[in-house]
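Single-letter residue listing:
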Amino acid sequence: MGHTSSAGDPADYDPALALAHHVMPESEAQKMVRDRYGLLATATRLATEKDDTFRLATPDGRGWTLKVAHPAEPPAGLSFQTELLGHVARADPAVPVPRVLPDRRGQLCPTVTDDAGQHRVVRLLTWCPGVPLDRVPSTRAQRRAVGELMARLRLATAGFAHPADSPVVAWDVQHLPALRPLLGSIPDPDRRAALARGLDRFARIADQVAGLRRQVLHNDFNKSNLLADPDRPDVITGIIDFGDATRTAIAIDVATALLNQLPRDRPLAPAEDIFAEARDVLDSYRSRADLTEAELRLIPHLVMARVVARALISTHRAAQFPANASYLLRNTEPGWAQLDWFLAQSMAEVSECLS
């Protein structure tokens, strides 16, 4: 398994998760794109975890995305993400990922000094049309479209390599054991005990996870990062936010996507098939890209691992940054019922969920 931090705080391997920074106002973003890109546009802030991201719009209806990295974000990692987007666009041009545009000097990832004196990497990307998938109704056709697109993206990134293509991402569940110290952030004793059980279960399969096939992957294929045509919600129009991309297990990438198809906002009966809708994603994915029997047996455990990671990271960070708590915790509450369902099954039963 890859390097993990013993301290537990995600900021140990991603300083941008913990360090506060001067938040760039929309007026400064507008001036920056005018001066550096020659673009006269109105900037509107978008909610994000750690950087400053804006939607740019011109009166004629054209749009772009401006991403101003956190000052602690390593430039090499941003270069990796930028080159990955370019690679995908060449390998499968029909996969709807943003394109990074050069500034007036021809630079794709220029470093700027903002009005607060912070040195930050800036990227201007094409705007992917559509609305986040979590805002439109879920259908079988839509879920199958998600599975097909995830498989195509995996195949497009399979041959990609970069010197910085293996960042240790807090959300990447191959590193889940390093998050155990965050149990102290969970105030409810019953929930804390449930998360501890989840961590113990993962420890029993960690060696198997370490032996899985790996490649560079998106690593965050969730409904917030997928866009759909609001008039045709079965049509996926964009894959965004490659900020968690890394070299990780194929099964982990699939598990993240399946988690986002689980039932939400209601109790789950132990006898219920929690993967009833997620199977549509999986079946479509497998029609284009293979999964081994070992991967299929581990994916349900990796889904549970992502539930555990989400609760630990989100609760910890919400306590650090209460002003951003509503965004950080937006997907955490439904996870408690999902975790209860997994823990109500034996590990052998979980292994057979998708086989």
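This structure is a prediction, so every number in the text was calculated from the model and none was measured. (Residues numbered from 1 in each chain as written. Predicted model: local features only at pLDDT ≥ 70, side-chain atom pairs only at ≥ 80, totals over all residues. Heavy atoms only, no water.)

**Looking at unusual backbone geometry**
Peptide bonds are mostly trans, and most non-glycine residues show a negative phi. Unlike most non-glycine residues, Asn219 shows phi in positive territory, near 75°. Along the chain, Asn219 falls in the loop between β8 (214-217) and β9 (226-229). Given a relative accessible area of 0%, Asn219 falls into the buried group. Phi at Asp241 is positive, roughly 60°, even though this residue is not glycine. Along the chain, Asp241 turns up in the loop between β10 (232-239) and β11 (246-249). Residue class for Asp241 comes out partly exposed when judged on its relative accessible area of 37%. (Helix = DSSP H or I, 4+ residues; strand = E, 2+ residues; numbered from the N terminus. Buried < 20%, exposed > 50% of the residue type's maximum accessible area, 1.4 Å probe, protein only.)

**Thoughts on the packing of helix α5 (residues 250-259) against helix α6 (residues 278-286)**
A pair of packed helices can be characterised by two numbers: the angle between their axes and the separation between those axes. Between α5 and α6, the shortest axis-to-axis distance is 9 Å and the interhelical angle comes to 145°. When you trace α5 past α6, the crossing you get is right-handed. Where α5 approaches α6, its residues Ile250, Val254 and Leu258 are matched on the opposing element by Ala278, Val281, Leu282 and Tyr285. Its residues assigned to classes, the contact of α5 with α6 shows seven nonpolar, no polar and no charged. (Axes fitted to C-alpha atoms, helices over the stretch in contact; angles between N-to-C directions. Left-handed = near helix turned anticlockwise from the far one by under 90°. Contact = heavy atoms within 4.5 Å. Nonpolar A, V, L, I, M, F, W, Y, C, P; charged D, E, K, R; others polar.)

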